[in-house]
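Okay, here's what each chain looks like letter by letter:
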Amino acid sequence: LPRLLVTWSRLHKMLQPVAGQRVLEIGPGTGYYSLHTADWISPSGDLEILDIERRMLDHTVGKANQLGIDNVIATQGDARELPYPDSSFDAAYLVATLGEIPERERVLKELHRVLKPGARLVVGEGQPDPHMVGIEDLRRLAQAEGLAFENRVGNPFGYFGSFTAP
C-alpha cells in the first residue's frame, strides 16, 4: 500500500543512492521499496535483500524478474547475524522492520559492521505500524552502536532517519 510519510522520494533523498553501489535492504516485504532502489543503483549496482521469510524474498525477486530488473540478490537470514563480511555495503536501509526484530541493538551493531566507513544507514518508520520505533529511541539505539545521526525527514507519525558509519 502507498505510504503517506515514508515515500519512495523521501527514501531516495535520505539514502542518496548512486549507480554502482552495493546496497542492503533488511526486510523487503513485497518489494515496495526494493524495485525502486534496484533501479536507482543500476546498471552496475546490486541490491541485496535479506529476510527471514523465503516467501517474501521469492515474491520480491519474482516481481523484479517480471519487470526485467536483474540486480536484486536475495538471501534468507536473520538480521541479528548478517551473513556478509565486514565493510561490504555502500548503504543499507530498512523500513517498518526494526521494531519487528528482537534485539534491535544487535541488528544495528550488525548493520554497522557490514557498512563501509562513511556509508549511510537509513531507517524508516511510520504509523499505523504497531511496532513503530520512535526517532528518539532510534537515535539512542543507533548511537549506542557507534552510528552517527545525520538527518531526519518527516514527523513523529512517519519519518526516515539517516546515520553514518564512522
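What counts and how
Residues numbered from 1 in each chain as written. Predicted model: local features only at pLDDT ≥ 70, side-chain atom pairs only at ≥ 80, totals over all residues. Heavy atoms only, no water. Phe/Tyr/Trp six-rings, centres within 6.5 Å; stacked < 30°, edge-to-face > 60°. Buried < 20%, exposed > 50% of the residue type's maximum accessible area, 1.4 Å probe, protein only. Lys NZ or Arg CZ within 6 Å of the ring centre and 35° of its normal. Pairing = 2+ DSSP bridges. Helix = DSSP H or I, 4+ residues; strand = E, 2+ residues; numbered from the N terminus. Axes fitted to C-alpha atoms, helices over the stretch in contact; angles between N-to-C directions. Contact = heavy atoms within 4.5 Å. Core = buried A, V, L, I, M, F, W, Y, C linked by side-chain atoms within 4.5 Å.

Draft legend 1. Inspection of the packing of aromatic side chains at higher detail. In the structure shown here, the tally under the stated rule is five aromatic pairs. With a centroid separation of 5.0 Å and an interplanar angle of 90°, the aromatic rings of Y84 and F89 are classed as edge-to-face. The pair Y84 / F89 is uniform in exposure class, with both members buried. Joined through ring pairs, the aromatic side chains of W8, Y32, Y33 and F160 make up one cluster. Between the NZ or CZ atom of R22 and the centre of the ring of F89, over which it lies, the distance is 4.3 Å. The lysine or arginine in question, R139, covers the ring of F149, its NZ or CZ lying 3.8 Å from the ring centre.

Draft legend 2. Representation of the sheet that holds strand β6 (residues 148-155) in the model. In spatial order, the strands read β3-β2-β1-β4-β5-β7-β6; together these seven strands make up an open sheet with mixed pairing. Two strands close off the open sheet at either side, each with one partner strand: β3 (72-76) and β6. Put simply, the sheet's adjacent strands are angled 15° from each other on average, direction ignored. Alignment of strand β2 (residues 46-51) against β3, held across five bridges, turns out to be parallel. Bridge pairing in β3 links D51 to Q76. Each of β1 (22-26), β4 (89-95), β5 (115-126), β6 and β7 (158-164) is contacted by helix α1 (residues 8-15), which is oriented at about 160° to β6, the strand it contacts most. Here helix α5 (residues 135-144) sits on the sheet and contacts β5, β6 and β7; the angle it forms with β7, its principal contact strand, is near 15°.

Draft legend 3. Highlighting the nonpolar core. Judged by nonpolar contacts, the single largest core of 29 residues is most densely connected at L24, I26, L82, L108, L111, L121 and L138. Of all elements in the fold, only β1, β4, α4 (104-114), β5, α5 and β7 reach the threshold of two or more residues within this core. In contact with L24, not counting residues within four places along its chain, are E48, L50, L82, Y84, F89, A91, A92, Y93, L111 and V114. Counting residues in each nonpolar core, the second largest holds 23 residues, with Y32, L47, V72 and A91 among its members.

Draft legend 4. Summary view of unusual backbone geometry. The residue after S42, namely P43, is reached through a cis peptide bond having omega 10°. Along the chain, the position of P43 falls in the loop between α2 (34-40) and β2. Cis peptide bonds are those with omega within 30 degrees of zero, and the linkage from Q127 to P128 qualifies with 10°. Within the secondary structure layout, P128 lies in the loop between β5 and α5. Of note in the backbone geometry, S87 takes a positive phi value of approximately 55° without being a glycine. Counting through the fold element by element, S87 comes out in the loop between β3 and β4. Taking relative accessible area as the criterion, S87 reaches 38% and is therefore assigned partly exposed. In the Ramachandran plot, E103 falls in the positive-phi region, its phi being about 60° despite a non-glycine side chain. Take E103: it is sitting in the loop between β4 and α4.

Draft legend 5. Fine view of the environment of G124. Locating G124 in the fold gives a position in strand β5. Taking the C-alpha atoms as reference, G124 lies 14 Å from A91; in sequence the two are 33 residues apart. For G124, the residues in contact, after removing those within four places along its chain, are V6, L94, V95, A96, Y159 and F160.

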